[in-house]
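# Architecture at a glance
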Amino acid sequence: ANVVSFGMSPAKAQTIIRETAKSTEKVILGTHAKERCSQREFVKDDVLRALRLGCIKGDPELTEFREWKCKIVARIRGSRDVGVVTVILHNGCLFVKTVEWEDWSHG
């Protein structure tokens, strides 16, 4: 028999992320994310605001650990959009992999 794997919809991921981020203690910033926050002048409140109010950009991707990774984007500081790449962990927490300005050029 063929096994069909159903993906997580962007709407479902957005709901989970927004709800989970209401509890600050459930949001874990990885080392890379902390470095990028410092480099790009984000504070944790910027990250939390994006997770709580933002919209999913693109489709969630299944990781090697069968958790869902996606980018959530929100407008902060007036006219700039921040992108937060986060993983919805099995334990009910969010792991923030990185943060970036959406209008930032990679060079």
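Everything below is about the structure printed above this text.
First, a word on what this report is: a plain description of the structure on this page. (Residues numbered from 1 in each chain as written. Predicted model: local features only at pLDDT ≥ 70, side-chain atom pairs only at ≥ 80, totals over all residues. Heavy atoms only, no water.)

## Details of the overall build of the chain
Counted only if it meets this: Where helices and strands are cited, they refer to DSSP runs of H or I of at least four residues and of E of at least two residues respectively, numbered from the N terminus. Exposed residues in this analysis have more than 50% of their type's maximum accessible area, buried residues have under 20%, and partly exposed residues fall in between, with area computed by a 1.4 Å probe over protein chains only. Each accessible area is a Shrake-Rupley estimate made with a 1.4 Å probe; only the visible protein chains count as cover when residues are assessed. Working convention for charge: Lys and Arg count positive, Asp and Glu count negative, and His plus the chain ends are omitted. We put the charge of a Lys on NZ, of an Arg on CZ, of an Asp on CG and of a Glu on CD.
Looking only at helices and strands, the chain features three helices and five strands. Reading the secondary structure of the chain in the N-to-C direction produces α-β-α-α-β-β-β-β. C-alpha extents for the chain along the principal axes are approximately 50 × 30 × 25 Å. Here the chain holds 107 residues, and 41% of them are scored as buried. When the accessible surface of the chain is totalled, it reaches about 6,600 Å², and 50% of it is carbon and sulfur. Within the chain, one finds 18 positive and 14 negative side-chain charges whose respective centroids are separated by 2 Å.

## Quick word on the pattern of salt bridges
Inclusion rule: When a carboxyl oxygen of Asp or Glu lies within 4 Å of a side-chain nitrogen of Lys or Arg, that pair is called a salt bridge.
Within this structure, the stated rule accounts for seven salt bridges. Between Lys57 and Glu102 there is a salt bridge, with its nearest N and O atoms 2.8 Å apart. In this pair, Lys57 sits in strand β2 (residues 55-62) while Glu102 sits in the segment after β5 (94-101), placing the two residues 45 residues apart along the sequence. Judged by relative accessible area, which is 51%, Lys57 ranks as exposed. For Glu102, a relative accessible area of 24% translates into the label partly exposed. Linking Asp81 and Arg75 is a salt bridge whose minimum nitrogen-to-oxygen distance equals 2.5 Å.

## Focus on the sheet that holds β5
Within a sheet, neighbouring strands are paired by backbone hydrogen bonds and run either parallel or antiparallel to one another. Counted only if it meets this: Strand pairing follows a simple DSSP-based rule, namely that at least 2 bridges must link the two strands. Comment: axis = line fitted to C-alpha atoms, over the contacting stretch for helices; angle = value between 0 and 180 degrees taken between N-to-C directions. Contact definition: two residues touch when any of their heavy atoms are within 4.5 Å.
The five strands are arranged β1-β5-β4-β3-β2 in an open sheet whose pairing can be described as mixed. Sheet topology places β1 (27-29) and β2 at the edges, where each strand pairs with a single neighbour. On average, adjacent strands in this sheet sit at an angle of 30° to one another, irrespective of strand direction. When strand β3 (residues 68-76) meets strand β4 (residues 80-88), the two strands line up antiparallel, connected through nine bridges. Within the sheet, the bridge partner assigned to Lys69 lies in β4 and is Val87. Docked against the sheet, helix α2 (residues 31-39) engages β1 and β5, running at close to 30° with respect to β5.

## Some remarks on the pairing of β5
Judged by how many residues are buried, β5 sits mostly within the fold: six of eight residues are covered. The pairing of β1 with β5 spans three bridges and is classified as parallel. The partner of Ile28 across the bridge, within β5, is Phe95. As paired strands, β4 and β5 are joined by seven bridges and run antiparallel to one another.

In short, geometric facts, not functional conclusions.
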